[in-house]
Amino acid sequence: MSTEEKTAFESIPIDTFFDNEQPEQRAYEMGIVVLTQRQKELVDELTRQLVIVAPDLLNNVAGRMTRLEDLAKSLAGFPSLLERANLTADVRTPQALIESLITHTKDGDNTLQLPSKATLGKGFLVAKIHTFAALSKLSNNAGLDKKIGQAFKDETVSMMFLLLAEDVYLNLIRDDKVDMDFRRQLAFSLLLLWEHRADQNIADISPVLQAVWNARRTLAPAFGTMMGTSELIMISFQLDDEWNLFIKKKLAETEVSQAMEEFLFGISFEQINKLKSILREKGIPAIGRDEVSQFLGEHVKTDVNLDYRDFFTQYSIRRDNARTRRRMGLPGPHRTLEDVFIRFVMELNREKQNNDVYAKES
């Protein structure tokens, strides 16, 4: 393999994208994470295996990675969101940006309210997701070890959760019921996500949400009984202590149980109530997934699979419905299950940090 081909798989030295007169900083502080260490190892391993099995595919991989790096170079040219920046019209500081997010991030599409780096970075992340999904397929089609194909798929799903996290952060930042200090903390977390397109909070949380999704897929819920305890018990047994604590502390809240129903059964709060009413009138205790459309008189997608795009689509439907209810003052969950769970975990982490600080001071 040539030196030129190898170069395509190395991490970008972000400092090379700036004038030498710029103050020196660590690469992570300067900009976007093109590949995490784990991702770089996967690409390197894929390359090693392709050299032996299918060298004709190496150019495809190198081309994909080069295009990602080109996007990262473009993003690196925009001012950091974590530093004071002298823009054309005014001066922007991280603190001012945080206050702007809290003040101006209201209902409706806020694309034009967000920094250019945030919008362009989202495009980079989508391109990276598609790249890793393509490399997963390429690995499988080339007959490589199935473990590497699955590893690329797992990374794809993890990045999908970064897209979801951006939505969740914006939802919580605009929520007047969340205390102001926590909203500022969330806004800072969002700046970090925009700056680096990486987020340790979500890296820790996403495996749990993915496990919930996988468990949901294996269930055969009885529509009509809806929030049956057996479904929740089956899911909780497969997950960690954080999820179990969430269930114990939050499920008794009406909005959380409603959001859980929407997540588990794949239909809206309004459709759930309509279905319950129909089944009650007809004296039918419960039906299966394949019968839901028939009883509601409309086509609804209740089947699920492990495709990351299906997960995000289902989430976005629930997110849009929740935003509409909140804006219109309608009954039903005003937040998604992801909103509630991510907030719960972050507040739990904040409480642990405060306790640690207090313990050290004592």
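One can find the structure itself at the top, above this paragraph.
Quick caveat, the model's predicted, so the values are computed rather than measured.

Enquirer: Describe the overall build of the protein chain, listing the residues and the values that go with them.
Expert: Scanning the protein chain from terminus to terminus reveals 16 helices and two strands. Split into buried and exposed, the 362 residues of the protein chain put 49% on the buried side. Taking contacts inside the protein chain between residues at least 6 apart in sequence as the whole, the part at least 24 apart equals 74%. Of the roughly 18,500 Å² that the protein chain leaves accessible, carbon and sulfur atoms contribute 51%.

Enquirer: How would you sum up helix α4 (residues 58–76)? Please name residues and give values.
Expert: Here α4 contains 19 residues, and its C-alpha end-to-end distance of 27 Å stays within 8% of the 27 Å for a straight helix at 1.5 Å per residue. Along α4, the positions that sit buried rather than exposed are L58, V61, A62, G63, M65, L68, E69, A72, L75 and A76.

Enquirer: Mind laying out the side chain of S80, listing which residues take part and the relevant values?
Expert: With respect to the helices, strands and loops of the structure, S80 is situated in the loop between α4 and β1 (85–86). Take S80: its relative accessible area is 10%, and that puts it in the buried class.

Enquirer: Give me the pattern of salt bridges: which residues, what numbers.
Expert: A complete count under the given rule lists 19 salt bridges for this structure. Close ionic contact of R335 with D175 constitutes a salt bridge, the shortest N to O distance being 2.8 Å. In this pair, R335 sits in the loop between α15 (308–328) and α16 (337–361) while D175 sits in the loop between α7 (146–173) and α8 (180–196), placing the two residues 160 residues apart along the sequence. On the basis of relative accessible area, D175 is assigned to the buried category, the value being 6%. The salt bridge partner of E270 is R325, with a shortest N-O separation of 2.7 Å. Taken together, the positions of E270 in helix α13 (residues 269–282) and R325 in helix α15 put the pair 55 residues apart, joining distant regions of the chain. Judged by relative accessible area, which is 1%, R325 ranks as buried.

Enquirer: Run through the packing of aromatic side chains, naming residues and quoting values.
Expert: Within the structure shown, the criterion is met by ten aromatic pairs. Between F246 and F341, the aromatic rings sit 5.1 Å apart at their centres with planes inclined by 75 degrees, giving edge-to-face as the arrangement. Taken together, the positions of F246 in helix α11 (residues 241–250) and F341 in helix α16 put the pair 95 residues apart, joining distant regions of the chain. What links up through ring pairs into an aromatic cluster is the set F161, W213, F263 and F311.

Enquirer: Would you mind going over the layout of surface pockets in detail, with residue names and values included?
Expert: As a volume, the largest pocket reaches approximately 670 Å³. Along its surface, the largest pocket is lined by 29 residues, and S158, M159, I202, A203 and S206 are the ones closest to its centre. Looking at the lining of the largest pocket, the elements that each hand over two or more residues are α6 (116–141), α7, α8 and α9 (200–218). Of all the elements, α7 adds the most residues to the lining of the largest pocket, at nine residues.

Enquirer: I'd love a proper account of unusual backbone geometry, names of residues and values included.
Expert: Located in the positive-phi region is R197, a residue other than glycine, with phi close to 55 degrees. Secondary-structure assignment places R197 in the loop between α8 and α9.

Enquirer: Describe in detail the side chain of Q49, supporting the description with residues and values.
Expert: Relative to the helices and strands, Q49 resides in helix α3 (residues 37–53). According to the relative accessible area criterion, Q49 is buried, its value standing at 18%. Those residues in contact with Q49, other than ones at most four positions away along the chain, are A54, L144, D145 and I148.

Enquirer: Let's hear about the environment of G77: which residues, and what values?
Expert: Inspection of the secondary structure assignment puts G77 in the loop between α4 and β1. Classification of G77 as exposed rests on a relative accessible area of 61%. The spatial distance from the C-alpha of G77 to the C-alpha of G31 is 9.4 Å, given a sequence separation of 46 residues.

Enquirer: How would you explain α11 if you had to name every residue and give the values?
Expert: The α-helix winds at 3.6 residues per turn, so residues separated by three or four positions along the chain end up facing the same way. Of all the residues in α11, the buried ones are W243, F246 and I247. Angularly, the buried residues of α11 cover 95 degrees about the axis, an arc narrow enough to put them on a single face. Facing away from the buried side of α11 by over 90 degrees, the exposed positions are D241, K248 and K249.

Enquirer: Which residues make up the packing of α7 against α15, and what are the values?
Expert: Contact geometry of α7 with α15 gives a least axis separation of 10 Å together with a crossing angle of 10 degrees. It follows from the interaxial angle that α7 and α15 lie roughly parallel. Of the residues in α15, those touching α7 at T156, V157, M160, F161, L163, L164, D167, V168 and N171 are Y308, F311, F312, Y315, R319 and R323. Class assignment of the residues belonging to the contact of α7 with α15 gives a composition of ten nonpolar, two polar and three charged.

Enquirer: An account of the environment of M159 is requested, with residue identities and associated values reported.
Expert: Summarising the element assignment, M159 is placed in helix α7. Leaving out residues up to four positions away in the same chain, M159 has contacts with Q39, L125, K128, I129 and F132.

Enquirer: Describe the nonpolar core, with residues and values.
Expert: With 93 residues, the main nonpolar core has L46, L50, W194, W243 and F246 as its most contacted residues. It is α7 that provides the largest number of residues to this core, a total of 16 residues. For F246, the residues in contact, after removing those within four places along its chain, are L251, V256, L337, V340, F341 and F344.

Cut-offs used in this document
- Residues numbered from 1 in each chain as written.
- Predicted model: local features only at pLDDT ≥ 70, side-chain atom pairs only at ≥ 80, totals over all residues.
- Heavy atoms only, no water.
- Helix = DSSP H or I, 4+ residues; strand = E, 2+ residues; numbered from the N terminus.
- Buried < 20%, exposed > 50% of the residue type's maximum accessible area, 1.4 Å probe, protein only.
- Contact = heavy atoms within 4.5 Å.
- Areas by Shrake-Rupley, 256 points an atom, 1.4 Å probe, with all protein chains shown as cover.
- Expected span 1.5 Å × (residues − 1).
- Salt bridge = Lys/Arg side-chain N within 4 Å of Asp/Glu carboxyl O.
- Phe/Tyr/Trp six-rings, centres within 6.5 Å; stacked < 30°, edge-to-face > 60°.
- 1 Å grid on protein atoms, 1.4 Å probe; cavity = no way out; pocket = protein on both sides within 12 Å on 5 of 7 lines; lining within 4 Å.
- Points joined across faces, edges and corners; volume = space filled by probe spheres on them.
- Arc of directions from axis to C-beta.
- Axes fitted to C-alpha atoms, helices over the stretch in contact; angles between N-to-C directions.
- Parallel < 35°, antiparallel > 145°, perpendicular 65-115°, else oblique.
- Nonpolar A, V, L, I, M, F, W, Y, C, P; charged D, E, K, R; others polar.
- Core = buried A, V, L, I, M, F, W, Y, C linked by side-chain atoms within 4.5 Å.

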